[in-house]
Amino acid sequence: MKIKNYTLITILSLIVFVSCKEEEKAKETVLRPVKFTIVGDVNTQQIRTLSGTAKSSDAIGLSFRSGGIITKVNHWKGANVKKGDIIAKLDNVEASLAYEQSVSALKSAQSAMNTSKSNLNRVKSLYEKGSNALSDYESAKNSYQTALDQFENAKRNKSIQATQLSYGIIKAPKNGIIAWTDGAVDEQVSAGHKFAELNAGEGMKVEVGLPESIINKVKVNMITEMQFSSIENKTFEGRVFEVSPSIDPESSTYITAIEIVNPIKDIKPGMAVSVTFDFTEANATADESLIIPVKAVGEDGKGRFVFLITNKTETTGTVTKKHIELGELTTDGFKVKSGLTSGDKIATAGLQTLLDGQDVRLK
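Analysis parameters
Residues numbered from 1 in each chain as written. Predicted model: local features only at pLDDT ≥ 70, side-chain atom pairs only at ≥ 80, totals over all residues. Heavy atoms only, no water. Helix = DSSP H or I, 4+ residues; strand = E, 2+ residues; numbered from the N terminus. Buried < 20%, exposed > 50% of the residue type's maximum accessible area, 1.4 Å probe, protein only. Expected span 1.5 Å × (residues − 1). Pairing = 2+ DSSP bridges. Axes fitted to C-alpha atoms, helices over the stretch in contact; angles between N-to-C directions. Parallel < 35°, antiparallel > 145°, perpendicular 65-115°, else oblique. Left-handed = near helix turned anticlockwise from the far one by under 90°. Nonpolar A, V, L, I, M, F, W, Y, C, P; charged D, E, K, R; others polar. Polar contact = N/O pair within 3.5 Å; in protein donor to acceptor, adjacent residues only side chain to side chain. Contact = heavy atoms within 4.5 Å.

Trainee: Before we move on, could you go through unusual backbone geometry and cite the residues and values that matter?
Mentor: Positive phi, normally seen in glycine, also occurs at asparagine 221, with a value near 80 degrees. Within the element layout of this structure, asparagine 221 appears in the loop between helix H4 (212-215) and strand S14 (223-228). Residue asparagine 233 is not a glycine yet carries a positive backbone phi of 55 degrees. In this structure asparagine 233 comes out as exposed when scored by relative accessible area, which is 81%.

Structure (structure tokens):
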């Protein structure tokens, strides 16, 4: 009996030991993700690489101009369409009813106008024969003019209601390919809902969001370099042709369009691309001071500091709190007087929650 109890205790101890080890292992593998930058001199900081997306040079957003429930979708993502093809429809019950009423009103107005015209012709003939007074003739003319005005108003109203009815129908404005769709049959949408995007051009462009820190450095006709993650060992030349004058509320960046100077057929809309901007020529300087972003600098009772990252593997590392001496603040960040060397990795986010000696995952 004692042997059985001893065996049971041993098994339970092993289970607890293994569980604890697994918990410790799980805790060890959950590392805080940290963004970082590599310290460089002023000229190094003038080269910036940002992520963008390839698009057709003539990408047209297709929206419903009225609200309602989608009743029919004729063409989905990837479909080839021709100019005039109906892509999607709304129920448009109210617009349809208003249009039908306008048609009925037009018919009534036309009938009233024809009756007034016949009456005017009859009264005019009798007046010319001397059988009717001038007042009768003038009254008939006024009645006809009123009926004519009502007929013209009914025609205009029918035209307006027909336009309103068309607001619930999306037609292809050009030949092209549907890049994406956002909506489904029986889904309620509001006026202005962007249902699809049509790629109507053969050329390609890249759109990239620029942060405030560099937007004023980017000019139309500026040359860039581009690399697509899906196209290996090839660099493409880009030319900036459009810089947004206002910030995009969704991304908080300035959307900039870049023409691909030497496109190939392997580039498809939606592909991810890295765009490199070189500002060194526009900001030529012999200044070799090290510079770091403002967001990488913290401050405590001992002064300003950064979290220096020492790699353990390619994707993990350890952060060390290091106090440094800073110089002047430039448009690109703080100049460093002492404490860092070129090539050092420093954290650029979440400084308030990092701990000296903490293991992190690099992102």
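Trainee: For helix H2 (residues 93-129), give the residues involved together with the corresponding values.
Mentor: Helix length check: H2 (37 residues) gives 54 Å between terminal C-alpha atoms against 54 Å at 1.5 Å per residue, within 8%. Looking only at H2, the buried set comprises Ala95, Ser102, Leu106, Ala109, Met113, Ser116, Leu120 and Val123. In the stretch just after H2, glycine 130 is the one whose phi turns positive, near 85 degrees.

Trainee: Tell me about the pairing of strand S20 (residues 303-311), and please be specific about residues and values.
Mentor: Both strand S19 (residues 298-300) and S20 contribute to a ladder of 3 bridges, which runs antiparallel. In the strand pairing of S20, aspartate 300 is matched with glycine 303. Counting the residues in the hairpin turn of S19 and S20 gives 2 residues. Inspection of the sheet shows S20 paired to strand S21 (residues 316-323) by 7 bridges, in the antiparallel sense. Within S21, the residue paired with asparagine 311 across the bridge is glycine 317. Note: S20 against strand S24 (residues 345-347), 2 bridges, orientation antiparallel.

Trainee: A description of the packing of H2 against helix H3 (residues 134-166) should follow, citing residues and the corresponding values.
Mentor: The N-to-C vectors of H2 and H3 enclose an angle of 160 degrees; their axes lie 8 Å apart at closest approach. When the interaxial angle is binned, H2 and H3 end up roughly antiparallel. For the element pair H2 and H3, the recorded crossing hand is left-handed. Class assignment for the residues of the contact of H2 with H3 results in 22 nonpolar, 10 polar and 6 charged.

Trainee: Can you explain the sheet that holds strand S13 (residues 204-210)? Please cite residues and give values.
Mentor: Read once around its circumference, the closed barrel built from 6 strands follows the order S4-S13-S16-S15-S14-S17, with strand pairing classed as antiparallel. Averaged over all adjacent pairs, the angle separating strand axes in this sheet is 40 degrees, with direction ignored. In this structure, strand S15 (residues 236-243) lies alongside strand S16 (residues 254-260), joined through 5 bridges in antiparallel fashion. Looking at S16, one finds that arginine 239 is bridged to glutamate 259.

Trainee: Any details on the pairing of strand S10 (residues 176-181)? Residues and values, ideally.
Mentor: Side-chain direction in a regular strand flips from residue to residue, so the side chains alternate between the two faces of the sheet. Pairing between strand S7 (residues 80-81) and S10: 2 bridges, direction antiparallel. Pairing of valine 81 across the sheet is with glycine 176, part of S10. Pairing between S10 and strand S12 (residues 194-199): 4 bridges, direction antiparallel. Its bridge partner lying in S12, tryptophan 180 is registered against glutamate 197.

Trainee: Tell me about the side chain of threonine 253, residues and numbers included.
Mentor: Position of threonine 253 relative to the elements: it lies in the loop between S15 and S16. Within polar-contact distance, the side chain of threonine 253 engages the side chain of serine 251 at 2.7 Å. Apart from residues no more than four positions distant in its own chain, threonine 253 is found in contact with Gly209, Leu210, Ile247 and Asp248.

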